[in-house]
Amino acid sequence: MIEIREFRAAVGVCAGGGPAGPARQWAERAGVRTVVLLEGLSDLAAVETLAERRGRDLAAEGVCAVSMGGAMNVRRYAAVLGPTGLGLRLTGLCDVQERPFYDRALEGTGAPLFVCAADLEDELIRALGTDTVEDVVATEGDLRPWQTFLHQPAQHGRPRERQLRRFLGTKKGRKIRYGRLLVDALAPERVPAPLDDLFASL
């Protein structure tokens, strides 16, 4: 895992305009052959948690999931990692509204792309059902903040799925934490299609 962490860090530096040498060296040391391009850390948490649940050691398989800090960075990451850079196989998971950024960046690479209907949190909430998600919220000690959130005028009359999705984004770090928790709560047959299809492609 040290090699994977170092590879991710070196890729971030390179995507920010730094040298490509360290990223190439760490890719070779870690045996990385495939990179999954993810928008943010909550997506990374979900992917890593599902890998653990399925007993898959992605690093041993030569797969590294990378959080890019936003979909608008995908062109730079694809350039660093893809055919014109390190020559690694690329794939990606993204929100539907961010698909154009991915499509442009991955054009001509042959990289498969898996698209969430709204975003991954929305996919997970729909897969679990709102009652189960609220049970997870209560178990995690977030029931009082959740109830306070529901009393906000802007939330009145909104569908429960949208309320939960918005709630997960109201506090720094909450989406990351729940990325793990919601995947952990999934029955094996209820994994959302974009996430399940991504794993099938790896």
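As shown above, the structure is provided for reference.
Here's what I pulled together on the structure shown here. Being a predicted model, the structure only gives us computed values, none of them experimental.

## Side note on the overall build of the protein chain
Along its length, the protein chain carries 11 helices and four strands. Taking 17 Å as the expected radius of gyration for a compact globule of 202 residues, we find that the protein chain reaches 18 Å, a close match to that expectation. Every one of the 202 residues in the protein chain was classed for burial, and the buried ones make up 47%. About 9,900 Å² of surface is accessible on the protein chain, with carbon and sulfur atoms providing 49% of the total.

## With respect to helix H9 (residues 160-168)
Turning to H9, its buried residues number three or more, namely Gln163, Leu164, Phe167 and Leu168. The buried side chains of H9 occupy one side of the element, clustering within an arc of 130 degrees when seen end-on. Where H9 is buried, its residues touch helix H6 (120-128), helix H7 (130-139), helix H8 (143-150) and helix H10 (174-185).

## Let's talk about the pattern of salt bridges
Overall, the coordinates contain 11 salt bridges when judged by the stated rule. Between Arg8 and Glu48 there is a salt bridge whose closest N-O contact spans 3.0 Å. Of the two residues, Arg8 sits in helix H1 (residues 2-15) while Glu48 sits in helix H3 (residues 41-53), which places them 40 residues apart along the sequence. Connected via shared salt-bridge partners are Asp122, Glu123 and Arg126.

## Considerations on the side chain of Ser67
Note on placement: Ser67 falls in strand S2 (residues 63-67). Apart from the residues within four sequence positions on either side, Ser67 is in contact with Leu38, Glu39, Gly40, Leu41, Leu44 and Tyr77.

## Remarks on the pairing of strand S4 (residues 113-116)
Regular strands have side chains that alternate between both faces of the sheet. Note: strand S3 (residues 89-95) against S4, four bridges, orientation parallel. Following the sheet pairing, Gly92 is matched in S4 by Leu113. For the crossover from S3 across helix H5 (residues 99-106) to S4, the handedness is right-handed.

## Here we look at the packing of aromatic side chains
For the coordinates displayed, the defined rule picks out three aromatic pairs. For the ring pair Trp146 and Phe149, a centre distance of 5.9 Å and an interplane angle of 20 degrees mean the geometry is stacked. Placement of both Trp146 and Phe149 in helix H8 is noted, with a separation of three residues, approximately one turn of the helix. Both rings, one in Trp146 and one in Phe167, keep their centres 5.2 Å apart while their planes meet at 65 degrees; by these two values the pair is edge-to-face. Linking Trp146 in helix H8 with Phe167 in helix H9, this pair joins segments that are 21 residues apart in sequence. Both residues of the pair, Trp146 and Phe167, belong to the buried class. Through successive ring pairs, a cluster of aromatic residues spans Trp146, Phe149 and Phe167. Here Arg54 stacks its cationic end above the ring of Phe199, 5.6 Å away from the centre of that ring. The lysine or arginine in question, Arg174, covers the ring of Phe167, its NZ or CZ lying 4.1 Å from the ring centre.

## Here's the deal with helix H4 (residues 74-81)
Inspection of H4 places Val74, Tyr77, Ala78, Val80 and Leu81 among the buried residues, and these make up the whole buried set. The buried residues of H4 occupy an angular sector of 165 degrees when projected down its axis, which confines them to one face. Structurally, H4 contributes buried residues whose contacts are with H1, strand S1 (34-38), S2, S3 and H5.

Thresholds applied
Residues numbered from 1 in each chain as written. Predicted model: local features only at pLDDT ≥ 70, side-chain atom pairs only at ≥ 80, totals over all residues. Heavy atoms only, no water. Helix = DSSP H or I, 4+ residues; strand = E, 2+ residues; numbered from the N terminus. Rg over C-alpha atoms; globule rule 2.2 N^0.38 Å. Buried < 20%, exposed > 50% of the residue type's maximum accessible area, 1.4 Å probe, protein only. Areas by Shrake-Rupley, 256 points an atom, 1.4 Å probe, with all protein chains shown as cover. Arc of directions from axis to C-beta. Contact = heavy atoms within 4.5 Å. Salt bridge = Lys/Arg side-chain N within 4 Å of Asp/Glu carboxyl O. Pairing = 2+ DSSP bridges. Right-handed = clockwise from strand over helix to strand, strands pointing away. Phe/Tyr/Trp six-rings, centres within 6.5 Å; stacked < 30°, edge-to-face > 60°. Lys NZ or Arg CZ within 6 Å of the ring centre and 35° of its normal.

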